[in-house]
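So you can see what is in the structure, the chains are spelled out below.
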Number of protein chains: 2
Amino acid sequence: MARDLAPAQIDVSADLIRAAGVKVTRGRVRVLDALHAARQPLSHAELEARLDDPAEPAMDRVTLYRILDSLVACGLALKAVDTRGVFRFSAAGAQRQHAKHVHFRCTDCGGVFCLKAEPPPPPRLPRGFRLNEVAFDLRGTCAGCSSREGV
Amino acid sequence: MARDLAPAQIDVSADLIRAAGVKVTRGRVRVLDALHAARQPLSHAELEARLDDPAEPAMDRVTLYRILDSLVACGLALKAVDTRGVFRFSAAGAQRQHAKHVHFRCTDCGGVFCLKAEPPPPPRLPRGFRLNEVAFDLRGTCAGCSSREGV
DNA sequence: CGGTAAACGCAACCTTGTTGCATTTGGAGG
DNA sequence: CCTCCAAATGCAACAAGGTTGCGTTTACCG
Ligand SMILES: [Mn+2]
Ligand SMILES: [Mn+2]
Ligand SMILES: [Zn+2]
Ligand SMILES: [Zn+2]
């Protein structure tokens, strides 16, 4: 069963980066690959650890910061702050859809649940304010945690 | 109309601190006063600026951090991280009123602005979910930061 | 192939927050 | 009012996360 790798599948990250209109560099491809492979948003430190591959040339700390910023700037990655105040990055593809609906965050287990409802239109802003993002988050206890605690 | 100051009104912060079971110090009273007077959660840096009163002895940077931690520990203040990853503090109890309106969070300066609009009614939740809090947060650039950057 | 703007590596720097330790002080108890 | 000591403060040093400046390298356009 001599199978050849699906050629369309390889270099996904490189293609995305090219399509975003910025230079395709080894570093950017590696970082975007790592973000795609991750199942949770990663901090700079966590990314540095995952990129520590003896086969690849070591990447400078500052360069990693700049690569992350560039991926965010061209819309390929998302940046958010965690509860400790540290920035975490994720590949943009999956999250884009989450802008269109409301979320429920369980304060017990930390779980995030996507609700069917879409966020209401934002109110008018004061002069000079520029809107980038709308978050309609409900906080409370999810069904699982409610039943476990409410014995 | 010689009116005397209502004696019950003065030293609110000192009474709260005493009631919380920790020592009443000049620093703690000043910080809690500042938090009560604030209309938004304040960062350590913003508090330092507001406490810079030539009439009062200067407070050490580390002491301010420790005072804030102590107020949080005894339940008189709340600590939360802003969009830049910086901690912001508010007087406990102040956030009750903030549940009734929408907030704008500046991703540049981390500032939190109270908008006049009230949050929309929450959508129906799945069975078993218990709602505690509704957060309708707008993110973007505030007027001050917009003008400073958009030369 | 060049030529050039963008990306990179490195050193220095900044901000936010913490730790260790010696000194001062609030306030409980005499 | 005085004594005493745990708690609070001041100061120096440290640490993590992030940024800036600048000279060198590289992606990629023509
Ligand atoms: Mn979602
Ligand atoms: Mn508010
Ligand atoms: Zn839960
Ligand atoms: Zn701002």
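Our structure's up above, just so we're on the same page.
Residues numbered from 1 in each chain as written. Chains lettered and ligands numbered in written order. Predicted model: local features only at pLDDT ≥ 70, side-chain atom pairs only at ≥ 80, totals over all residues. Heavy atoms only, no water.

### Quick look at the protein's contact with DNA strand D
DNA strand D sits among 16 residues. The nearest are V24 and F87 of chain A together with R28, T63 and R66 of chain B. Sugar and phosphate atoms represent 56% of those atoms of DNA strand D found within 4 Å of the protein. At 3.4 Å from a base nitrogen of DNA strand D is found a side-chain nitrogen or oxygen belonging to K23 of chain A. Note that a phosphate oxygen of DNA strand D is positioned 3.3 Å from one of the backbone N or O atoms of D60 of chain B. Every element with two or more residues in the surface near DNA strand D is listed here: α4 (61–73) of chain A together with α4 (61–73) of chain B. When its residues are assigned to classes, the surface near DNA strand D shows seven nonpolar, two polar and seven charged. (Near = heavy atom within 4 Å. Polar contact = N/O pair within 3.5 Å; in protein donor to acceptor, adjacent residues only side chain to side chain. Helix = DSSP H or I, 4+ residues; strand = E, 2+ residues; numbered from the N terminus. Nonpolar A, V, L, I, M, F, W, Y, C, P; charged D, E, K, R; others polar.)

### A few points about the interface of chain A and chain B
Note on interface size: it is often stated as the accessible area lost on association of the parts. At the interface, 36 residues of chain A touch 36 residues of chain B. In total, about 2,800 Å² of surface goes out of reach between chain A and chain B, with carbon and sulfur atoms giving 64% of it. Looking at the side of chain A facing chain B, the largest losses of area belong to F129, R130 and R139 of chain A, adding up to 22% of the total buried there. Taken together, the connections running from chain A to chain B amount to zero salt bridges. Elements supplying a minimum of two residues to the side of chain A that touches chain B: β6 (130–141) and α6 (143–149) of chain A. Looking at the side of chain A that touches chain B element by element, the count peaks at twelve residues for β6 of chain A. In this structure, β6 of chain A lies alongside strand β6 (residues 130–141) of chain B, joined through eleven bridges in antiparallel fashion. (Contact = heavy atoms within 4.5 Å. Buried area = accessible area lost by both parts, 1.4 Å probe. Salt bridge = Lys/Arg side-chain N within 4 Å of Asp/Glu carboxyl O. Pairing = 2+ DSSP bridges.)

Everything listed here is a matter of geometry and, on its own, says nothing about what the molecule does.
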